[in-house]
Amino acid sequence: PRHWPAFLVALVPGFFNWAQQVASDFAAAVCEQGFLVDGSLVEAGSNAACAVSARSNEAWTLRPTLVAVRTFGKGYILTSIVWAAMVVYIADSKFGMAAIWSLIGAALSAFGLVHAEVVFLPWEPEGDASFHWELVGGYVLTAGFLVVIELVQRFKKQPSQEPKDIEEVSPGEASIERV
């Protein structure tokens, strides 16, 4: 039961991918069917047309929310794996391992394997991949935060109480518990 949040978080990138496809299909259908101008239908082939093609990259840069939907939907399978692994390790209080998965997400994002349409070298992003440094930074900051939590967790642990060997126990310390 404690890993259910990981399952739900893993669904989020797939939802973004689905939303991007539905929005793109809807915008394309609107552009293909025409527009209402002053109450009358203007066919798509006339003077009135979409400002940009509904399926083009430019359509997704018109609003910041569109950029986010598209960005988080790209490479959604790998993104789901990374996010789910992070949440599983967080649920298990293994923050160091969650930080490692966050760094894996940063590396995947730096090369365009997640959050981008094309794979690229980090120093030569292609197309609309300019947003990738912000994503890499987000993953790295998350990893740093998780490392801090791991260190705090390690220093707050009480020293373990090792059981004494039977030879070290004096007769006065020995007691028998009744069940």
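Above this note sits the structure.
Parameters and conventions
Residues numbered from 1 in each chain as written. Predicted model: local features only at pLDDT ≥ 70, side-chain atom pairs only at ≥ 80, totals over all residues. Heavy atoms only, no water. Patch = residues over 30% accessible without salt bridge, like charges linked within 9 Å, V, L, I, M, F, W, Y side chains within 5 Å. Areas by Shrake-Rupley, 256 points an atom, 1.4 Å probe, with all protein chains shown as cover. Salt bridge = Lys/Arg side-chain N within 4 Å of Asp/Glu carboxyl O. Helix = DSSP H or I, 4+ residues; strand = E, 2+ residues; numbered from the N terminus. Phe/Tyr/Trp six-rings, centres within 6.5 Å; stacked < 30°, edge-to-face > 60°. Axes fitted to C-alpha atoms, helices over the stretch in contact; angles between N-to-C directions. Parallel < 35°, antiparallel > 145°, perpendicular 65-115°, else oblique. Left-handed = near helix turned anticlockwise from the far one by under 90°. Contact = heavy atoms within 4.5 Å. Nonpolar A, V, L, I, M, F, W, Y, C, P; charged D, E, K, R; others polar. Core = buried A, V, L, I, M, F, W, Y, C linked by side-chain atoms within 4.5 Å. Buried < 20%, exposed > 50% of the residue type's maximum accessible area, 1.4 Å probe, protein only.

### A short note on a nonpolar patch on the surface
On the surface, Tyr 76, Ile 77, Leu 78, Ile 81, Phe 111, Leu 113, Val 119, Leu 121 and Trp 123 cluster together into a nonpolar patch covering about 860 Å² of accessible area. For Leu 78, the location among the structural elements is in helix 3 (residues 76-91).

### Here's the deal with the packing of aromatic side chains
Summed over all chains, the structure comprises five aromatic pairs. Relative to Phe 7, the ring of Trp 4 has its centre 5.6 Å away and its plane inclined at 90 degrees; by these criteria the two rings are edge-to-face. Of this pair, Trp 4 and Phe 7 both sit in helix 1 (residues 4-33), three residues apart, roughly one helical turn. A ring pair is formed by Phe 72 and Trp 83, whose centres lie 6.0 Å apart and whose planes are at 55 degrees; its orientation type is tilted.

### A word on the packing of helix 3 against helix 4 (residues 95-110)
Orientation of helix 3 relative to helix 4, taken along the N-to-C sense of each, is 165 degrees, at an axis distance of 7 Å. Accordingly, the angle class assigned to the pair helix 3 and helix 4 is roughly antiparallel. The chirality of how helix 3 crosses helix 4 is left-handed. The residues of helix 4 that touch helix 3, namely those facing Ile 81, Val 82, Ala 85, Met 86, Tyr 89 and Ile 90, are Phe 95, Met 97, Ala 98, Trp 101, Ser 102, Ile 104, Gly 105 and Leu 108. Of the residues belonging to the contact of helix 3 with helix 4, the class tally is 12 nonpolar, two polar and no charged.

### Remarks on the nonpolar core
Of all hydrophobic cores here, the largest spans 14 residues; its most connected members are Val 82, Tyr 139 and Leu 146. A total of six residues in this core trace back to one element, the largest contributor, which is helix 4. Not counting residues within four places of it along the chain, the set of residues in contact with Leu 146 comprises Met 86, Ile 90, Phe 95, Ala 98 and Ala 99.

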